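# Analysis of the macromolecular model
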Amino acid sequence: MTSNSTPGLARFNTLADDEATTALHEVCASAAWGRAILSRRPYTTAKALLSASDAATAALTTEDLADAMAGHPPIGRPKPGDPTSFREQRGMAGASGELKAEMLELNLAYQERFGHVFLICATGATGEQMRDAVKSRIGNSPEQERGIVRTELGKINRIRLTRLVQDFSEQGA
């Protein structure tokens, strides 16, 4: 390990494959993405892990991308009992009933148009920013939207991987 390695990264590197697969599935629901990350262990730095994530996200097929998106709840409707989706969608928590209703309508229109949930890196975004994003993206072509979704997924994966390694540090190596 280099001096940039952390106890959490060291712990991730030494997890049994089945435990690492489970942890990676919580980051991204695409099995192909998880296999790509797993196959490159051990990572010497968090930067190397994030670079591997970027490469794995870029390599996802259309089907793999669909698998990844299937793991994300619609904006404004976090998965019950899932602290990650609640934390990431915090910007919608205090939204007005009117904004929540508008977001539901926009989510449904987006899903009907593209066949999948509206995916955005919601961390730090307000409800209004998320609403404006879906409004601006709903007119995209499917190809344009796939590119944007891949970018947003990459951002989400980076945030979640960083948190995973931090959580492993807090649990002890």
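Going through the model one piece at a time under the given rule, you end up with 0 disulfides. Not part of a disulfide, Cys 28 finds its nearest cysteine sulfur in Cys 121, a span of 13 Å.

Moving on: helix H4 (residues 46–58). Over its 13 residues, H4 extends 18 Å from the first C-alpha to the last, a length consistent with the 18 Å expected when each residue adds 1.5 Å. Buried residues of H4: Leu 49, Leu 50, Ala 52, Ser 53, Ala 56 and Thr 57, and no others. Buried residues of H4, seen end-on, are gathered within an arc of 155° and therefore sit on one face of the element. Residues of H4 that are exposed and point over 90 degrees away from its buried face: Lys 47 and Ala 58.

Its place among the elements puts Gly 71 in the loop between helix H5 (62–70) and helix H6 (83–88). We classify Gly 71 as buried; its relative accessible area is 18%. For the pair formed by Gly 71 and Val 27, sequence separation is 44 residues and the distance between their alpha carbons is 9.2 Å. Other than its neighbours up to four places away in sequence, Gly 71 contacts Ala 29 and Lys 79.

Buried together is how nonpolar side chains tend to be arranged in soluble globular proteins. Counting residues in each nonpolar core, the largest one holds 45 residues, and the members touching the most others are Phe 12, Trp 33 and Ile 37. At the level of secondary structure, the elements contributing two or more residues to this core comprise helix H1 (7–14), helix H2 (17–27), helix H3 (31–39), H4, H5, helix H8 (97–114), helix H9 (127–137) and helix H10 (142–171). Ranked by residue count, the leading element in this core is H10, at 7 residues. Among residues more than four places away in sequence, those in contact with Ile 37 are Phe 12, Leu 24, Tyr 43, Leu 49, Ala 52, Ser 53 and Ala 56.

Take the side chain of Ser 30 next. Topologically, Ser 30 is positioned in the loop between H2 and H3. Accessibility expressed as a relative area gives 1% for Ser 30, which makes it buried. A polar contact is formed between the side chain of Ser 30 and the backbone nitrogen of Ala 32, at a distance of 3.4 Å. In this structure Ser 30 touches Leu 60, Asp 64, Asp 67 and Ala 68, once residues within four positions along its chain are discounted.

What follows is about the packing of H3 against H4. Where H3 contacts H4, the axes come no closer than 9 Å and their chain directions differ by 145°. As for how H3 packs across H4, the hand of that crossing is right-handed. Touching Trp 33, Ala 36 and Ile 37 of H3 are Leu 49, Ala 52, Ser 53, Ala 56 and Thr 57, all from H4. Class assignment of the residues belonging to the contact of H3 with H4 gives a composition of 6 nonpolar, 2 polar and no charged.

What counts and how
- Residues numbered from 1 in each chain as written.
- Predicted model: local features only at pLDDT ≥ 70, side-chain atom pairs only at ≥ 80, totals over all residues.
- Heavy atoms only, no water.
- Disulfide = S-S within 2.5 Å.
- Helix = DSSP H or I, 4+ residues; strand = E, 2+ residues; numbered from the N terminus.
- Expected span 1.5 Å × (residues − 1).
- Buried < 20%, exposed > 50% of the residue type's maximum accessible area, 1.4 Å probe, protein only.
- Arc of directions from axis to C-beta.
- Contact = heavy atoms within 4.5 Å.
- Core = buried A, V, L, I, M, F, W, Y, C linked by side-chain atoms within 4.5 Å.
- Polar contact = N/O pair within 3.5 Å; in protein donor to acceptor, adjacent residues only side chain to side chain.
- Axes fitted to C-alpha atoms, helices over the stretch in contact; angles between N-to-C directions.
- Left-handed = near helix turned anticlockwise from the far one by under 90°.
- Nonpolar A, V, L, I, M, F, W, Y, C, P; charged D, E, K, R; others polar.

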